Amino acid sequence: MRERNPNADAIMAMLPLLPATFHILVALADEDRHGYAIIQDVAARTDGSIRLSPGTLYRSIQRMLEDGLIVETDERPSPEDDDERRRYYRLTTLGTAVAKAEAARLMDLVRMARARGLAPRKV
Amino acid sequence: MYRWLLRLYPASFRNEYGREMATAFARERRDTRTALGMAALWLRVIADTCVNAAGIHWDILRQDLRYTLRTLRRTPAFALTAVTVVALGIGATTAAFSLADFVLIRPLPFPEADRLVRFSEERPGFPRMELAPSNYRDLKQMATSFEALGAYRGLSVNLVGARQPLRLQGAAMTADVLAALAVRPMMGRPFTAADDVAGAPATALVSYALWQQEFGGDASIVGRPVRLDGEVYTVIGVMPRDFNFPSRGAQLWTAMRFVPADFVDRNNNYLQGIARLRRDVSVDAARTEMSMLAGRLQQPYPKENEQTGVSVIRLRDGVSQQSRTLLVALFGAAVCVLLIACANLTNLLLARAIVRRREMAVRIALGAGRERVLRQLLTESLVVTGAGGVLGLALAAATLPILSRLVPTALPIAETPSMDVRVVGFAMALTMVTGVAFGIVPLLQHHRDRASEGLREGARSGGSGREGMRGALVVAEITASVVLLVMCGLLLRALWTIQAIDPGFRLEHTLTARTSLPMPKYETLGARTGFYDGVLSEIRALRGVSSAAYISFLPLGDMRGGIFPVGISGHVESRREDNVAFLRYVTPGFFQTLGIPILQGRDVRDADHLDGPPVAIVSASFVTQFLPGQEALGRRFNFAAANREIVGVVADVKMRGLTRVSEPQVYIPHRQLPDRTYEWFAPKDLAVRATGDPLALVSAVRAIVQRADAEVPLSDIQTLEQLVDGDLASRVTQLRVLGAFAGVALVLGGIGIHGLLAFAVSARVREIGIRMALGARRADVVAMIAKRSLSLSAVGVGAGIVLAYTSGRWLQSLLVGVSPADGMAFAVAAALAAATAIAGSLRPALRAARVDPVTVIRLE
């Protein structure tokens, strides 16, 4: 079962996430990234089938910043290929919690589909 | 290219992310190798930008709306005042615009209405005189400027049906009239040339309203016979619902059937001409042709057609100059109200902006960006004006039926102005402009303050420089309300002046009604005399009746009579401006019934018969004009086809309107109206003088008329007072509307001055407290506030008086001799405006007086 945290209601109110939002959260799960790196990560993980456009990306980022899912960070992870003007984004605790909650929600859906034979037993 | 696309995003977003987006896009482009791929990339980017830019704008709008609604809920007094102020301004302007648009601008409800013209004869002194049938026939034969050209005359007939006989208004028209108007019946067929021929079966078209009310909307009406004035007509069709030709409320149309006798007299003018211009002919060209043809007609008929031209005007231009002035004045007044409302709104927003300066400064300091703050303010202003606009539109829609009295009856349009897309568009545009223009004002304010200053000063200071601007706005409001008040005052004085005019007859205790005698049943004197004698003797015998009589047309009624040339030498003369008099036939006792003094000689008598010598009673103005300084009694003159002897002179009465001069009148005994002649002049208006309430006699009179002839309808029942009031109705409405505008303006002005001073006091509480601690008395503080209020109103009133004087001169045509500089109107307007200013400053002054110096200083 999912753990209940004090903001459970606030988290649940954000679900379901837009696909772009979920992809950005996933992209930032292992390290801080700048905008273009997010686009590349999403494309790589989906074998190029999802390519976020700059407009969609930054519109999502703006909203996620306002909702407190991500923050801008001043730390530069890889100084050698860093560009001064670039902004890096990092998941917040809330962002992590929301991503987990969304993943759990999706898993629940898959489990239900599997029970009725709509999805393979195990991959 | 991409940078240009980025412009579609809100500036705040672009500033934040634009550069990174451009970088990301540049990389994508670098990674794309093929031309096809490049094209696909561009397509994707354009679509992406459109979707996301719209989305972000929408996000911001939603945020701003949420924020606006929250702040407005926190300040309900502001929200309510602002919305009301806007609603009044937009409502007044929209209502006035729909009326002016309806009467003056909108095309008449006919296809290609700009090609429709009215034409008439033009003689010295009579710029638009009806046409004689022979002149109409000749002009029609020769004219080449028109696609169709027809003639009509007003018609009023009795319809005898199952219920009480009905008096119907409409027109008799030639077949070409409907062709010229390009209107077809909604059911049945229009008139054709075959209907116009003498001896053709009588045919009639009925209005939609008549069809619904009297025939229950029965579809089998076409082909059904109806009895009109005793003659059987066949209904050939029903006209569309919005067909109001020749004027509003027309119920019935018959085919005009000329007989050869109609073409004999070129001085018997009773036709109105209407025509549709050919596509390639202008009004001016048609005018030139018609003048030329009129000139040609003078040669064979030098006497009858002496100095006779033809006037051609657009059907649309049939609105009188007075109606036009009235509507423009009304619209001007409405714009005045709107400007006052806008000034008020600006003031409200400014005061609010000053109070919220700290909040704005904080938001800008927090990085919101000026553009975001501007957007927020605009949204707020648009929400307020939008709500006000919707309310104003509803207000305008609700008041339109009241304004319908100002729609001239002479136009072929419906009574109540309808709101169409253009009117709603006008209101919306007005709302938008108001919202944007006046929403920005507080921001200009912000631009002058720097964010940091706002923070440092806090909300304490009122910003004395801004108060100058707000003061100017209040002055403008007072100025505009003074102008409106003066206009109202002038029009009220004009109304009083008219009401004080002596019509020349006694108004009280008199019942009037119309019994139109159907022709040809009453075309002989014998038939008519039987009717009049029977009805009048029975009415005179009623209890509570002191006298009763008949006349062709009552003074100040809807029919203003007909004019004939006066041949004082005893010879027939052609009609000129200065040789005509009005003709009316009367029964004995008419002058006594209306209380018109007989100055010389005698009343008409029953003995004045066709077999005796033709006699006439003339008005004092007749003597002044035609027989100055001479003995009138016994003189003979030629008039309406006979030489008549003057046997009496009566005092003048107002015939064609209280404000017009009393034109020369000739009253002829009704027993000297020959058979089958001047049937239109056969007396039909009844006047009954009562000893008590005249309306108590109605049912008895109705019974008497019905007994005399069940087919004669009793219509237009009213007291003589009501009849005369009808002459003033549009003036009274106009005054009420303008009065309402002035009242609104005054209230808005009061709100404005109250808002300004209330704000000034709360901004200066600290200063006032310190002054009082230093020994200022409460009276001094109140005087300080009062001085401010009085100086503002003094400037406003002064400017208002100057402006009102200038615009009053322009209203002169409506003022019937009241001077546009009427001292009373100006004094009352100035006093009212000053009183409002004082009332508006009362509360702020008292509040200032109640400031407690101890509390204020402790707060420091």
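These numbers come from a predicted model, not from an experiment.

Calculation criteria
- Residues numbered from 1 in each chain as written.
- Chains lettered and ligands numbered in written order.
- Predicted model: local features only at pLDDT ≥ 70, side-chain atom pairs only at ≥ 80, totals over all residues.
- Helix = DSSP H or I, 4+ residues; strand = E, 2+ residues; numbered from the N terminus.
- Rg over C-alpha atoms; globule rule 2.2 N^0.38 Å.
- Buried ≥ 20, exposed ≤ 12 C-beta atoms within 10 Å, placed from the backbone.
- Contact = placed C-beta atoms within 7 Å.
- Axes fitted to C-alpha atoms, helices over the stretch in contact; angles between N-to-C directions.
- Parallel < 35°, antiparallel > 145°, perpendicular 65-115°, else oblique.
- Left-handed = near helix turned anticlockwise from the far one by under 90°.
- Nonpolar A, V, L, I, M, F, W, Y, C, P; charged D, E, K, R; others polar.
- Domains from an automatic or database assignment.
- Expected span 1.5 Å × (residues − 1).
- Bend = angle between axes of the 7 residues up to and from the residue.
- Pairing = 2+ DSSP bridges.
- Core = buried A, V, L, I, M, F, W, Y, C linked by C-beta atoms within 7 Å.
- pLDDT = per-residue confidence, 0-100.

### Overview of the overall build of chain B
- Helix and strand counts for chain B come out as 24 helices and 22 strands.
- Over its C-alpha atoms chain B spans a radius of gyration of 36 Å, topping by over 25% the 29 Å that the globule rule assigns to 860 residues.
- Principal-axis analysis of the C-alpha atoms gives chain B an extent of 105 × 90 × 55 Å.
- Evaluated residue by residue, chain B yields a buried proportion of 42% over its 860 residues.
- Long-range contacts, defined as pairs at least 24 residues apart, comprise 83% of the intrachain contacts of chain B with a sequence gap of at least 6.

### Let's talk about the overall build of chain A
- Check the secondary structure of chain A and you find five helices and three strands.
- Its helices and strands in sequence order give chain A the pattern α-α-β-α-α-β-β-α, from N to C terminus.
- Residues counted as buried form 28% of the 123 residues belonging to chain A.

### Some words on the packing of helix 10 (residues 321-355) of chain B against helix 20 (residues 720-763) of chain B
All names here are of chain B.
- The contact between helix 10 and helix 20 brings their axes to 10 Å, and the two run at 15 degrees. Taken together, the axes of helix 10 and helix 20 lie roughly parallel to each other. Crossing of helix 10 over helix 20 shows left-handed handedness.
- The residue inventory of the contact of helix 10 with helix 20, partitioned by class, reads 20 nonpolar, six polar and no charged.

### Some remarks on the domain arrangement of chain B
- Assigned domains of chain B: these are domain 1 (2-74), domain 2 (125-306), domain 3 (321-500 + 727-859) and domain 4 (517-712).
- Placing the centre of domain 2 of chain B and that of domain 3 of chain B at their C-alpha centroids yields a distance of 52 Å.

### Topic: the interface of chain B and chain A
- Listed per partner, the contact involves 16 residues of chain B and 12 residues of chain A.
- Secondary-structure elements contributing two or more residues to the side of chain B that touches chain A are helix 2 (11-31) and helix 3 (35-74) of chain B.
- With nine residues, helix 2 of chain B is the largest single contributor of residues to the side of chain B that touches chain A.

### Considering helix 2 of chain B
- Relative to the 30 Å expected for 21 residues at 1.5 Å per residue, helix 2 of chain B spans 29 Å between its end C-alpha atoms, a close match to the ideal helical length.
- Along its length, helix 2 of chain B shows its largest kink, about 60 degrees, at tyrosine 17 of chain B.
- Packed against the buried residues of helix 2 of chain B are helix 3 (35-45) and helix 4 (54-67) of chain A together with helix 1 (2-6) and helix 3 of chain B.

### Examining the sheet that holds strand 2 (residues 70-73) of chain A
- Strand order across the open sheet formed by three strands is 1-3-2 (chain A), with antiparallel pairing between neighbours. Only two strands of the sheet have a single partner each, and these edge strands are strand 1 (33-34) and strand 2 of chain A.

### A short note on the nonpolar core
All names here are of chain B.
- In terms of nonpolar packing, the biggest core is built from 100 residues, with Val337, Val482, Leu484, Met487, Phe741 and Ala745 touching the most fellow members.
- Per-element accounting of this core gives the leading share, 19 residues, to helix 10.
- In this view, valine 482 contacts Gly796, Val797, Gly800, Ile801, Ala804, Ala829, Ala830 and Ala833; residues no more than four positions away in its chain are not counted.
- By size, the runner-up hydrophobic cluster in this structure holds 65 residues, among which are Phe531, Val535, Val566 and Ala581.

### Some words on the environment of methionine 256 of chain B
Residues and elements named next belong to chain B.
- Summarising the element assignment, methionine 256 is placed in the loop between strand 9 (252-255) and strand 10 (272-277).
- For methionine 256, a count of 22 C-beta atoms within 10 Å corresponds to the buried category.
- Methionine 256 sits 63 residues away from alanine 193 along the chain, and the two C-alpha atoms are 10.0 Å apart.

### Notes on the confidence of the model for chain B
All names here are of chain B.
- Per-residue confidence for chain B averages 84 on the pLDDT scale, and 95% of its residues sit at or above 70.
- Per-residue pLDDT stays below 50 along residues 454-463; that stretch engages in 21 contacts with residues further than four places along the chain or on separate chains.
- Taken together, the chains of this predicted complex give a pTM of 0.70 and an interface ipTM of 0.79.

### Remarks on the environment of serine 516 of chain B
All names here are of chain B.
- With respect to the helices and strands, the residue serine 516 is situated in the loop between strand 12 (510-515) and helix 16 (525-541).
- For serine 516, a count of 21 C-beta atoms within 10 Å translates into the label buried.
- Separated by 195 residues in the primary sequence, serine 516 and glutamate 711 place their C-alpha atoms 9.9 Å from one another.
- In this structure, serine 516 is in contact with Ser156, Asn158, Arg167, Lys684 and Pro713, ignoring residues within four places of it in sequence.

### Examining the packing of helix 4 (residues 76-105) of chain B against helix 20 of chain B
All names here are of chain B.
- One can describe the packing of helix 4 onto helix 20 by two numbers: an axis separation of 11 Å at closest approach and a directional angle of 155 degrees. Judged on the interaxial angle alone, helix 20 and helix 4 are roughly antiparallel. Considering how the two elements wind past one another, helix 4 and helix 20 form a crossing that is left-handed. Only Phe741, Val744, Leu748 and Ile751 of helix 20 make contact with helix 4, whose side of the interface consists of Thr81, Val85, Leu88 and Ala92.
- When the residues that make up the contact of helix 4 with helix 20 are grouped by side-chain class, the tally is seven nonpolar, one polar and no charged.

### Concerning unusual backbone geometry
- Here leucine 15 of chain A and proline 16 of chain A are connected by a cis peptide whose omega angle stands at -10 degrees.
- The residue after phenylalanine 245 of chain B, namely proline 246 of chain B, is reached through a cis peptide bond having omega 0 degrees.
- Relative to the assigned elements, proline 246 of chain B resides in the loop between strand 8 (231-238) and strand 9.
- Phi angles above zero are rare outside glycine, and aspartate 47 of chain A is one such case at about 55 degrees.
- In this structure, aspartate 47 of chain A sits in the loop between helix 3 and helix 4.
- In this model, leucine 556 of chain B sits at a positive phi of 65 degrees, which is unusual for a non-glycine residue.
- Residue placement: leucine 556 of chain B occurs in the loop between strand 13 (545-551) and strand 14 (562-565).

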